[in-house]
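A structural walkthrough
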Amino acid sequence: MVPTARRPRRFSLSWPELALLFITILWGGTYLVIHLAMKYSGPMFFVGVRFGVAALVASVIFHRTLRGMTLADAGAGAAIGIMIFFGYGLQTVGLQTISSSTSAFLTALFVPMVPFLQWAVFRKRPHLMAFAGAALAFAGLVLLAGPEAFSGGLGKGEVVTLISTVAIASEIVLISLFATRVHLGRVTVVQLLVCSLLAFASMPVVGEAVPEFSWIWLSAGAGLGLASCVIQLTMNWAQKSVDPTRATIIYTGEPLWAGVFGRIAGDRLPGLALVGAALIVLSVLVSELKPQGRKVAGNPSTAVVLPESGPRG
């Protein structure tokens, strides 16, 4: 029998990969939605509504497992919820004064940041590509910020967004730490609820009043809350069969899609800023590349799984 040559595989996307592409596009659009909603609501109130709705939806989905709530589940959920509050709260504050495109590209910096936080927490030295990704991310940040950043410094929106990426990266490390020790459903409900309650509780502290009723902030908050649960469930389902590298490439499109939506809405990034944005996207890809070599056995809780480095917004 004469062996026949295999035909090269055509580039195609499976249904799970198409699902990941869809949610990445959807998540890219959330930056613009939040940016527009900030004209009708304060940031803390909006975060409270958004994650309150998400907590309600998650409670319905996981209601059967909530009865078995343990102190470990509650503690892990509270710790992660605090990081979500600071991450998304500060990101939303930033979107009051910067464009949705700039916010998306700055938020993407959390990916090259994660390996270094893991190094601090788990004493797990990052691989070489993580250092390369960090260098590209810094160069991209400098170009995205523009020459005025050197004379007058970064604006308030840029600063709080950069701080939010530290909280988002810390959230990922905490999820990685607790992943094998707690129940996913129960922790999800707790972390969403804690974030919502902290946002509402912080309103008098930051001097924010309840906004006048508007269908815009209500529909945006409720829509994003529902989308958060749907997206997370889709990611959990799709990544059971999608190769991590292919998933990473799909997720890298999140800030790009945010830039597309921002462009449609009137955002105009200067040439240098576009180069910086491209370097940040490249840094995300480079940071996720792992050098070929022998696998090292270790505690599985120290590995950050792809869903945690997926879309954020």
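As the structure is a computational prediction, the values presented were derived from the model and not from experiment.

**Quick notes on the pattern of salt bridges**
By the definition in use, this model includes one salt bridge. For Asp73, the salt bridge identified is with Arg186, shortest N-O distance 2.6 Å. Residue Asp73 is found in helix 3 (residues 71-94), and its partner Arg186 is found in helix 9 (residues 184-206); the two are separated by 113 residues along the sequence. Classification of Asp73 as buried rests on a relative accessible area of 2%. The exposure class assigned to Arg186 is buried, which follows from its relative accessible area of 14%.

**Side note on the environment of Leu218**
Mapped onto the secondary structure, Leu218 falls in helix 10 (residues 215-238). Between the alpha carbons of Leu218 and Phe46 there is a distance of 8.4 Å; along the sequence they are 172 residues apart.

**A look at the confidence of the model for the protein chain**
Taken as a whole, the protein chain shows an average pLDDT of 82; of its residues, 84% reach a score of 70 or greater. When the criterion is pLDDT under 50, residues 294-309 qualifies, and its contacts beyond four places in sequence or with other chains add up to 35 contacts.

**With respect to the side chain of Ser228**
Its place among the elements puts Ser228 in helix 10. The class for Ser228 is buried, based on a relative accessible area of 14%. Here Leu224 takes part through its backbone oxygen, which lies 2.8 Å from a polar atom of the side chain of Ser228. If we ignore the near neighbours within four places in the chain, the residues touching Ser228 are Trp27, Arg50 and Ala54.

**Some thoughts on helix 5 (residues 110-122)**
Over its 13 residues, helix 5 extends 18 Å from the first C-alpha to the last, a length consistent with the 18 Å expected when each residue adds 1.5 Å. Buried residues of helix 5: Phe110, Val111, Pro112, Val114, Pro115, Gln118 and Phe122, and no others. Buried residues belonging to helix 5 abut helix 4 (100-107), helix 6 (128-145), helix 8 (156-178) and helix 13 (271-288). Remark: Arg123 follows helix 5 within two positions and exhibits a positive phi of approximately 60°.

**What to know about the packing of helix 5 against helix 6**
For the pair helix 5 and helix 6, interaxial distance at closest approach is 8 Å and the crossing angle is 130°. The angle between the axes of helix 5 and helix 6 places the two elements in the oblique class. Two packed elements cross with a definite hand, and for helix 5 against helix 6 that hand is left-handed. Where helix 5 abuts helix 6, its residues Pro112, Pro115, Phe116 and Trp119 lie against Ala130, Phe131, Gly133, Ala134 and Ala137. By residue class, the composition of the contact of helix 5 with helix 6 is eight nonpolar, one polar and no charged.

**Describing the nonpolar core**
Core analysis: the biggest nonpolar cluster contains 34 residues, and Phe46, Phe51 and Leu192 have the highest contact counts within it. At the level of elements, helix 1 (15-37), helix 2 (43-61), helix 3, helix 8, helix 9 and helix 10 are the ones that each hand at least two residues to this core. If one sorts the elements of this core by residue count, helix 2 sits on top with nine residues. Beyond its immediate chain neighbours, meaning those up to four positions away, Phe46 contacts Ile34, Ala37, Met38, Ser41, Thr92, Trp217, Ala220, Gly221 and Leu224.

What counts and what doesn't
- Residues numbered from 1 in each chain as written.
- Predicted model: local features only at pLDDT ≥ 70, side-chain atom pairs only at ≥ 80, totals over all residues.
- Heavy atoms only, no water.
- Salt bridge = Lys/Arg side-chain N within 4 Å of Asp/Glu carboxyl O.
- Helix = DSSP H or I, 4+ residues; strand = E, 2+ residues; numbered from the N terminus.
- Buried < 20%, exposed > 50% of the residue type's maximum accessible area, 1.4 Å probe, protein only.
- pLDDT = per-residue confidence, 0-100.
- Contact = heavy atoms within 4.5 Å.
- Polar contact = N/O pair within 3.5 Å; in protein donor to acceptor, adjacent residues only side chain to side chain.
- Expected span 1.5 Å × (residues − 1).
- Axes fitted to C-alpha atoms, helices over the stretch in contact; angles between N-to-C directions.
- Parallel < 35°, antiparallel > 145°, perpendicular 65-115°, else oblique.
- Left-handed = near helix turned anticlockwise from the far one by under 90°.
- Nonpolar A, V, L, I, M, F, W, Y, C, P; charged D, E, K, R; others polar.
- Core = buried A, V, L, I, M, F, W, Y, C linked by side-chain atoms within 4.5 Å.

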